[in-house]
Amino acid sequence: MSISHKGYETKCLTFETGETITAGELVTVNSLGQAVKTSNGGNFVGVCIAVRNGYASVQVEGYVELPYSGSAPSVGLATLVSDSNANIKAGGENDVVYYKVLKRDTTNKIVGFIL
């Protein structure tokens, strides 16, 4: 039997896309209100779920699992930021947004957390 947190409090919003983004990337919102790929070390508003005809569906709440780079983020409360590929990496001591990390798979380099 496998335990899953997927589906927990999942909430998505639709945004225009300000540039090319793909499903699975961390996104932020630019000054025009468009979803754009989050820069390396940047904070994010959610995860792109799908893109179609210039619009992106972005999961802004709930549980997600994403690849991470660098050191594995800690389970529990942890700071997370985007890496250069719009995936996850552990944040630094100056980062102030904390996430509830529930899963850390160091074999497959996957982290599961609540947005």
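Look a little higher up for the structure.
The structure displayed is predicted, hence computed values, not measured ones.

What counts as what
- Sequence order sets the numbering: in each chain, residues are counted from 1 along the sequence as written.
- Only residues with pLDDT of 70 or above have their local features reported here, since the model is predicted, and side-chain atom pairs are shown and tallied only from 80 upward, although totals for entire chains, interfaces and linings are computed over all residues.
- For the side-chain quantities, the full set of heavy atoms in the structure was used; hydrogens and water were omitted.
- The helix count covers DSSP runs of H or I at least four residues long, the strand count covers runs of E at least two residues long, and both are numbered beginning at the N terminus.
- What the globule rule says is 2.2 Å times the number of residues to the power 0.38, and the radius of gyration is computed from C-alpha atoms.
- Following DSSP output, two strands are said to pair if at least two bridges run between them.
- Axis definition: a line fitted to C-alpha atoms, limited for helices to the stretch in contact. Angles are taken between N-to-C directions and run from 0 to 180 degrees.
- The cut-offs for exposure are 20% and 50% of the maximum accessible area for each residue type, with area from a 1.4 Å probe on protein chains only; residues under the lower value are buried, those over the upper are exposed, and the others partly exposed.

Engineer: What is the right way to look at the overall build of the protein chain in this model?
Structural biologist: Counting secondary structure elements, the protein chain contains zero helices and 10 strands. Element order for the protein chain, N to C, with α for helix and β for strand: β-β-β-β-β-β-β-β-β-β. Taking 115 residues into account, the globule formula puts the C-alpha radius of gyration at 13 Å, and the protein chain, at 14 Å, falls close to it. Seen through its C-alpha atoms, the protein chain measures out along the principal axes to roughly 35 × 35 × 20 Å.

Engineer: Which parts of the structure should I look at to understand the sheet that holds strand β4 (residues 46–52)?
Structural biologist: Taken together, five strands build an open sheet; the order of strands is β1-β5-β4-β2-β3 and the sheet is antiparallel. One side of each edge strand has no neighbouring strand; the edge strands of this open sheet are β1 (11–16) and β3 (35–37). Looking at each pair of strands side by side, their axes are set apart by 50 degrees on average, direction ignored.

Engineer: Please clarify how unusual backbone geometry should be interpreted in this entry.
Structural biologist: Positive phi, close to 50 degrees, is recorded for Glu9, a residue that is not glycine. Looking at the secondary structure, you find Glu9 in the segment before β1. By relative accessible area, which is 43% here, Glu9 ends up partly exposed. Residue Asn53 is not a glycine yet carries a positive backbone phi of 50 degrees. Asn53 sits in the exposed class, given a relative accessible area of 68%.

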